Amino acid sequence: MRYISGLSAAVAFLVLAAPTGAEPTIESAPPAQTQLIKSQKIEADAEVVMNDKSFRIAKGETAKGFMLLAGTRANIVLRNEDTVAHEFVSSMLFNVPFRLDGNGTFVKLPHAAGVRVDPSQVVQLTFDVPQDSKEFQNMYEVFWCNVHGKQHGDKMRGEVLIVEQRGEIGGG
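Residues numbered from 1 in each chain as written. Predicted model: local features only at pLDDT ≥ 70, side-chain atom pairs only at ≥ 80, totals over all residues. Heavy atoms only, no water.

### Looking at the pattern of salt bridges
- A full pass over the atoms with the stated rule returns four salt bridges.
- Residue R79 is joined to E47 by a salt bridge in which the shortest nitrogen-to-oxygen separation is 2.7 Å. Of this pair, R79 sits in strand β4 (residues 73–80) while E47 sits in strand β1 (residues 46–51), placing them 32 residues apart in sequence.
- Given a relative accessible area of 28%, R79 falls into the partly exposed group.
- A salt bridge links R116 to E87; the nearest nitrogen and oxygen atoms lie 3.4 Å apart. A residue pair is termed long-range when its members are at least 10 positions apart, and R116 in strand β8 (residues 113–117) and E87 in strand β5 (residues 86–90) qualify at 29 residues.
- Taking the relative accessible area as the measure of exposure, R116 reaches 32% and is therefore partly exposed.
- On the accessibility criterion, E87 (8% relative accessible area) is buried. (Salt bridge = Lys/Arg side-chain N within 4 Å of Asp/Glu carboxyl O. Helix = DSSP H or I, 4+ residues; strand = E, 2+ residues; numbered from the N terminus. Buried < 20%, exposed > 50% of the residue type's maximum accessible area, 1.4 Å probe, protein only.)

### A short note on unusual backbone geometry
- Phi angles above zero are rare outside glycine, and D52 is one such case at about 50°.
- As for its placement among the helices and strands, D52 is situated in the loop between β1 and β2 (54–59).
- Looking at D52, the relative accessible area reads 56%, which means it is exposed.
- Phi is positive for N95, close to 60°, though the residue is something other than glycine.
- Topologically, N95 is positioned in the loop between β5 and β6 (98–102).

### Considering the sheet that holds strand β3 (residues 65–69)
- An order of β3-β11-β10-β5-β8-β7 is seen for the six strands of this open sheet, with the pairing classed as mixed. Whereas interior strands pair on both sides, the edge strands pair on one side only; in this sheet they are β3 and β7 (104–108). Sheet twist, expressed as the average angle between the axes of neighbouring strands with direction ignored, equals 25°.
- Bridging between β5 and strand β10 (residues 140–144) involves two bridges; their strand directions are antiparallel. Bridge pairing in β10 places S90 opposite F143. (Pairing = 2+ DSSP bridges. Axes fitted to C-alpha atoms, helices over the stretch in contact; angles between N-to-C directions.)

### Examining the environment of N146
- Relative to the elements of secondary structure, N146 occurs in the loop between β10 and β11 (157–163).
- Using a relative accessible area of 19% as the deciding quantity, one classes N146 as buried.
- Excluding residues that lie within four positions of it along the chain, N146 makes contacts with E87, V89 and L109.
- At 3.5 Å, the side chain of N146 and the side chain of W144 are in polar contact. (Contact = heavy atoms within 4.5 Å. Polar contact = N/O pair within 3.5 Å; in protein donor to acceptor, adjacent residues only side chain to side chain.)

### As for the packing of aromatic side chains
- Enumeration over the complete set of coordinates arrives at five aromatic pairs.
- Arranged with centres 5.8 Å apart and planes meeting at 40°, the rings of F98 and F106 form a pair that is tilted.
- Pairwise contacts between aromatic rings join F55, F66, F88 and F143 into one cluster. (Phe/Tyr/Trp six-rings, centres within 6.5 Å; stacked < 30°, edge-to-face > 60°.)

### Observations regarding the side chain of E141
- Note that E141 resides in strand β10.
- In this structure E141 is buried but unpaired, with R157 as the nearest side chain of opposite charge at 9.8 Å.
- Within the local environment of E141, its side chain forms a polar contact with the side chain of S91, the two groups lying 2.5 Å apart. (Lys, Arg positive; Asp, Glu negative; His and termini not counted.)

Structure below.
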């Protein structure tokens, strides 16, 4: 009993000795910033809009496709403004690990891979652009919707040009 009353006295002393108006350290510390992959705002290298059963390049190099730099990380935004689901599939993504942000479904074909995007959804693909190597030698790729773009004349097909930077950039 003697130990309990001594402990109570020590606790009472600490409570009374604390300065008035002092805030607990938890409240005075800056709030913790939780970092979620899906909440990060990453600048897109290309944006492909799916509408009226066709692809439209909203951000990129050309009306038919876009350009990526070999050996860099690419961020491609896929925006489905159509009333049906579409797919963004390419042999460039076959056996290449990529991160999928948003509400999409992974699609794997015998020699290509990609993502299925439901109506009114936005998805971002992030991956490392392949370099010219033994495993990857095409520097020109195509992408298509596996539902509405399988044939050569279909509107749901596009082009990806992968350029390799060699040497220094600049004039002189």
